[in-house]
Amino acid sequence: MVILNQGLDTLTEQIAPLFSKGQWGTGTTIPDVTDTDLETAVAATLLSTTSTTSGTSVQLTHELSSTLGNGSALTEFSIKFSDDESFDRTVGGAVNKTSEIQLTTITTVNIIRG
């Protein structure tokens, strides 16, 4: 079987809307494939994402305004499906969120032949 370029492009366009939310948290443990969510989610940061597709790539943008998540040391991020199930989990250095900071997180998902 050969998966066609057109098939991959169509698949990408159809899965893009499934990645509908993003959320920040304060957890610090190393991500593992058995994780099911953020370690310590910050409820106010659960917001809709916007998506754009190009070929076999989906680019997801999550924007956290200056009024949300303040007072938290944000260290982990997750893209979520509409039912709040997590797709991924990323952990990094802390962003000490204040009203002077707006965060834009861009996540790219590539659909590739395996």
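Everything that follows concerns the structure shown earlier in this document.
This section reports on the structure supplied with the text. (Residues numbered from 1 in each chain as written. Predicted model: local features only at pLDDT ≥ 70, side-chain atom pairs only at ≥ 80, totals over all residues. Heavy atoms only, no water.)

## Comments concerning the pattern of salt bridges
- Here the structure, examined in full by the defined rule, presents five salt bridges.
- In this structure, the salt-bridge partner of aspartate 84 is lysine 21, at a minimum N-O distance of 2.7 Å. On the criterion of sequence distance, the pair formed by aspartate 84 in the loop between strand 5 (73-81) and strand 6 (90-96) and lysine 21 in strand 1 (residues 19-25) is long-range, its members being 63 residues apart.
- When the shortest N-O distance is used, the salt bridge between arginine 89 and glutamate 76 registers 2.7 Å. Separated by 13 residues along the polypeptide, arginine 89 in the loop between strand 5 and strand 6 and glutamate 76 in strand 5 bring together distant segments of the chain. Taken individually, arginine 89 and glutamate 76 each receive the classification buried, so the pair is uniform in this respect. (Salt bridge = Lys/Arg side-chain N within 4 Å of Asp/Glu carboxyl O. Helix = DSSP H or I, 4+ residues; strand = E, 2+ residues; numbered from the N terminus. Buried < 20%, exposed > 50% of the residue type's maximum accessible area, 1.4 Å probe, protein only.)

## Concerning the sheet that holds strand 4 (residues 57-64)
- One open sheet holds the three strands; their spatial order is 3-4-7, and the pairing between them is antiparallel. The sheet is open, and its two edges are formed by strand 3 (50-54) and strand 7 (103-110), each paired on a single side. Taken over all neighbouring pairs, the strand axes of this sheet differ in orientation by 20° on average, direction set aside.
- Two strands pair when backbone bridges link them, and strand 4 and strand 7 are joined in this way by eight bridges, in the antiparallel orientation. Each bridged residue has a counterpart across the sheet, and for glutamate 63 the counterpart in strand 7 is threonine 104. (Pairing = 2+ DSSP bridges. Axes fitted to C-alpha atoms, helices over the stretch in contact; angles between N-to-C directions.)

## Quick look at the nonpolar core
- Residues Phe19, Trp24, Leu60, Leu74 and Val109 are the most contacted members of the largest nonpolar core, which totals 15 residues.
- Only helix 1 (5-15), strand 1, strand 4, strand 5 and strand 7 provide two or more residues apiece to this core.
- If near-sequence neighbours (up to four positions away) are discounted, leucine 74 is found in contact with Trp24, Gly25, Val42, Leu64, Gly93, Ala94, Val95, Lys97 and Leu103. (Core = buried A, V, L, I, M, F, W, Y, C linked by side-chain atoms within 4.5 Å. Contact = heavy atoms within 4.5 Å.)

## Examining the side chain of serine 78
- Structurally, serine 78 is set in strand 5.
- A relative accessible area of 0% places serine 78 in the buried class.
- Within polar-contact distance, the side chain of serine 78 engages the side chain of serine 86 at 3.1 Å.
- Separated by 2.7 Å, the side chain of serine 78 and the backbone oxygen of aspartate 88 make a polar contact.
- With residues up to four places along the chain from it excluded, the contact list for serine 78 reads Lys21, Gly22, Gln23, Leu38, Ser86, Phe87 and Asp88. (Polar contact = N/O pair within 3.5 Å; in protein donor to acceptor, adjacent residues only side chain to side chain.)

## Here's the deal with the sheet that holds strand 6
- If you walk across this open sheet you meet the four strands as 2-1-5-6, and the pairing is antiparallel. Every interior strand has two partners, whereas the edge strands, strand 2 (47-48) and strand 6, have only one.
- Pairing of strand 1 with strand 5, which is carried by six bridges, proceeds in the antiparallel orientation. Counterpart to tryptophan 24 in the pairing with strand 5 is phenylalanine 77.

## Quick look at the packing of aromatic side chains
- Applying the stated criterion to the full structure yields four aromatic pairs.
- Ring centres of phenylalanine 19 and phenylalanine 87 lie 4.7 Å apart, and the angle between their planes is 65°; this geometry places the pair in the edge-to-face category. Of the two residues, phenylalanine 19 is situated in strand 1 and phenylalanine 87 in the loop between strand 5 and strand 6; the sequence distance between them amounts to 68 residues.
- Given the relative accessible area of 5%, phenylalanine 19 is considered buried.
- Judged by relative accessible area, phenylalanine 87 falls into the partly exposed class, the value being 38%. (Phe/Tyr/Trp six-rings, centres within 6.5 Å; stacked < 30°, edge-to-face > 60°.)

Any functional reading would require information that these geometric values do not contain.
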